[in-house]
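Structural description and commentary
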Amino acid sequence: MRVPSNWHLSGLPDFHGRVAFRRRFTPSRSFVTQPAWLCFAGIDYYAQVSLNGQLLGEHEGYFEPFEIEVTGLLKDGANLLEVIVDAPR
C-alpha cells in the first residue's frame, strides 16, 4: 500500500485491526551523522514505531501529527523502519 494514504480508501475498506508497514531504506552517508526526525502527519489510531528492530515509541490519537527523534540511530547502510498500526472499531 502506498503511504501516506487511508487504508479504507486503499484496498482495506472494511478492515479493523493491526497492519504492519515496513520500509527498507539507505540514507546517504552524510545524512547518518545529522540530526534526524521521523515525522508523521497522523495515524489512526495506535502506532508502534521501530527502527532496525528497536522500539522508538508509541502514539495514540486520531490523525494527530507526531515526531520521533532518530538522531544517532540510523545505520550507514540499509535500515528497516516498521510502523505497526492498530485501528480498532
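Below or above, wherever it landed, is the structure these notes cover.

1. Observations concerning the sheet that holds strand β3 (residues 46-51)
Strand order in the open sheet made by the four strands is β1-β6-β3-β4, with antiparallel pairing throughout. With partners counted over all chains shown, the strands left at the sheet margins are β1 (17-25) and β4 (54-60), one partner each. Averaged over all adjacent pairs, the angle separating strand axes in this sheet is 15°, with direction ignored. Where β3 and β4 come together, six bridges link them in antiparallel fashion. When the bridges of β4 are listed, Ser50 appears paired with Leu55.

2. Regarding the nonpolar core
Core analysis: the biggest nonpolar cluster contains 17 residues, and Leu38, Phe40, Ile43, Val49, Phe66, Val70 and Val83 have the highest contact counts within it. Contributions of two or more residues to this core are made by β2 (37-40), β3, β5 (66-69) and β6 (79-87). With four residues, β6 is the largest single contributor of residues to this core. Beyond its immediate stretch of four places on either side in the chain, Phe40 contacts Val49, Pro65, Phe66 and Val83.

3. Side note on the side chain of His59
Secondary-structure assignment places His59 in strand β4. For His59, a relative accessible area of 14% gives the class buried. The residues contacting His59, other than those within four sequence positions of it, are Tyr45, Tyr46, Ala47, Glu64, Pro65 and Phe66.

Cut-offs used in this document
Residues numbered from 1 in each chain as written. Predicted model: local features only at pLDDT ≥ 70, side-chain atom pairs only at ≥ 80, totals over all residues. Heavy atoms only, no water. Pairing = 2+ DSSP bridges. Helix = DSSP H or I, 4+ residues; strand = E, 2+ residues; numbered from the N terminus. Axes fitted to C-alpha atoms, helices over the stretch in contact; angles between N-to-C directions. Core = buried A, V, L, I, M, F, W, Y, C linked by side-chain atoms within 4.5 Å. Buried < 20%, exposed > 50% of the residue type's maximum accessible area, 1.4 Å probe, protein only. Contact = heavy atoms within 4.5 Å.

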